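For reference, the chains in residue letters:
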Amino acid sequence: MTVHFIGAGPGAADLITVRGRDQLGQCAVCLYPGSLTPVDLLAHCPGEARMIDTAELTLDEIVDELIGAHTGSTGDGPVVARLCSGDPSVYSAVAEQMRRLDAAGVPYEVTPGVPAFAAAAATLKRELTVPTVGQSLVITRTQARSTAMPEGEDLATFAASGTTLAVHLGVGRIEQVVEELLPHYGPDCPVAVVAHASQPQEQVVRGTLAGIATRVRDAGISRAATIFVGKVLATEDFPDSFLYSKGRDRRTQPESL
């Protein structure tokens, strides 16, 4: 039997892939993060499925459940579903779970989901890669009580390039984030903060680096938010991309930007 790590999306129950939904529909066991998973999403699981809320479990306890569900299963098809908030490739803590499954000889597959930054960008109605303005995106986080950041991956280092930033886990210390970014982006750089993207309690705060901390505090946002920093958030003066231009020979040139 195969364990399926499934990206549950940013919060809205309908922002899950068709593949992920179908896998939930076939599972005999579903492990899910209770504080982050909408009830409507869990409704895709069969009525007889064993449901395990991992919010209060340790890593070892979660892996024991995955291995136990796998070894105790019979028949064919995906039977063990491990829901991950957002997309498994970003800040999902699945790497250590997969490492332990590898050691135990338990097969697994990964189904992608909609990451929080993508849902937040959709809320802002903004493309994050705009021609001649910004063609790169750095997805990073800040470090407080969580695992230490690797050397060279601090905000100041990323900011030195002027690249558009998507900062996770930083809204609780927004003042420090602003302080680190100001010397590189300047006080007038556009900023947008999206909390609980795609969910009923979604909040959006827009501004500039100089005033965003006050706006965020006034809005009462303290967690579950993505901070975007960069000119792409506000620019309207940019050329059309090459993708659909008249100058591209569609017979000989593949689609590219």
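Thresholds, definitions, all that
Residues numbered from 1 in each chain as written. Predicted model: local features only at pLDDT ≥ 70, side-chain atom pairs only at ≥ 80, totals over all residues. Heavy atoms only, no water. UniProt positions renumbered as here; feature names shortened; annotations may be inferred. Helix = DSSP H or I, 4+ residues; strand = E, 2+ residues; numbered from the N terminus. Buried < 20%, exposed > 50% of the residue type's maximum accessible area, 1.4 Å probe, protein only. Contact = heavy atoms within 4.5 Å. Areas by Shrake-Rupley, 256 points an atom, 1.4 Å probe, with all protein chains shown as cover. Salt bridge = Lys/Arg side-chain N within 4 Å of Asp/Glu carboxyl O. Expected span 1.5 Å × (residues − 1). Arc of directions from axis to C-beta. Pairing = 2+ DSSP bridges. Axes fitted to C-alpha atoms, helices over the stretch in contact; angles between N-to-C directions.

For the protein chain, an unreviewed UniProt entry supplies the name Precorrin-4 C(11)-methyltransferase and the organism Haloechinothrix aidingensis. Quoted verbatim from the Pathway (unreviewed entry) field of the UniProt record, the comment on the protein chain reads "Cofactor biosynthesis; adenosylcobalamin biosynthesis." UniProt lists a comment for the protein chain under the heading Sequence similarities (unreviewed entry), and it reads "Belongs to the precorrin methyltransferase family."

Chemist: Honestly, the overall build of the protein chain in this entry has me stumped. Any pointers?
Modeler: Within the protein chain, the regular secondary structure consists of eight helices and 10 strands. Viewed in the frame of its principal axes, the protein chain has a C-alpha envelope of about 60 × 55 × 35 Å. Sorting the 257 residues of the protein chain into buried and exposed places 43% on the buried side. Here the contacts in the protein chain between residues at least 6 apart in sequence split such that 67% fall between residues at least 24 apart. Approximately 13600 Å² of the protein chain is accessible, and the part contributed by carbon and sulfur atoms is 51%.

Chemist: Mind showing me how you'd approach the pattern of salt bridges here?
Modeler: Tallying each qualifying case throughout the model produces five salt bridges. Note that arginine 21 and aspartate 22 form a salt bridge whose closest N and O atoms lie 3.2 Å from each other.

Chemist: Even after reading the chapter, I still don't get helix H7 (residues 174-185), so can you show me in this structure?
Modeler: Each full turn of the α-helix corresponds to 3.6 residues, which orients residues three or four apart in the same direction. Here H7 contains 12 residues, and its C-alpha end-to-end distance of 15 Å stays within 8% of the 16 Å for a straight helix at 1.5 Å per residue. Here H7 has its buried residues at Ile174, Val177, Val178, Leu181 and Tyr185. Viewed along the axis of H7, the buried residues span an arc of 95°, placing them on a single side of the element. Structural note: H7 exposes Glu179 and Pro183 on the side pointing more than 90 degrees away from its buried face. Those residues of H7 that are buried are in contact with helix H6 (155-159), strand E7 (164-168), helix H8 (212-219) and strand E10 (225-229). Looking at the residues trailing H7, positive phi occurs at glycine 186, about 85°.

Chemist: Whenever I open this one, the sheet that holds strand E6 (residues 137-141) confuses me. Can you help?
Modeler: Strand pairing within a sheet occurs via backbone hydrogen bonds; the two strands may be parallel or antiparallel. Judged by pairing direction, the sheet is mixed, and its five strands sit side by side in the order E6-E7-E10-E8-E9 without closing on themselves. Because the sheet does not close on itself, it has two edges, and the strands there are E6 and strand E9 (203-208). With strand direction ignored, the average angle separating the axes of adjacent strands in the sheet is 15°. Sheet contacts for helix H5 (residues 116-124): E6, E7, strand E8 (190-195), E9 and E10; angle to E10, the most-contacted strand, approximately 65°.

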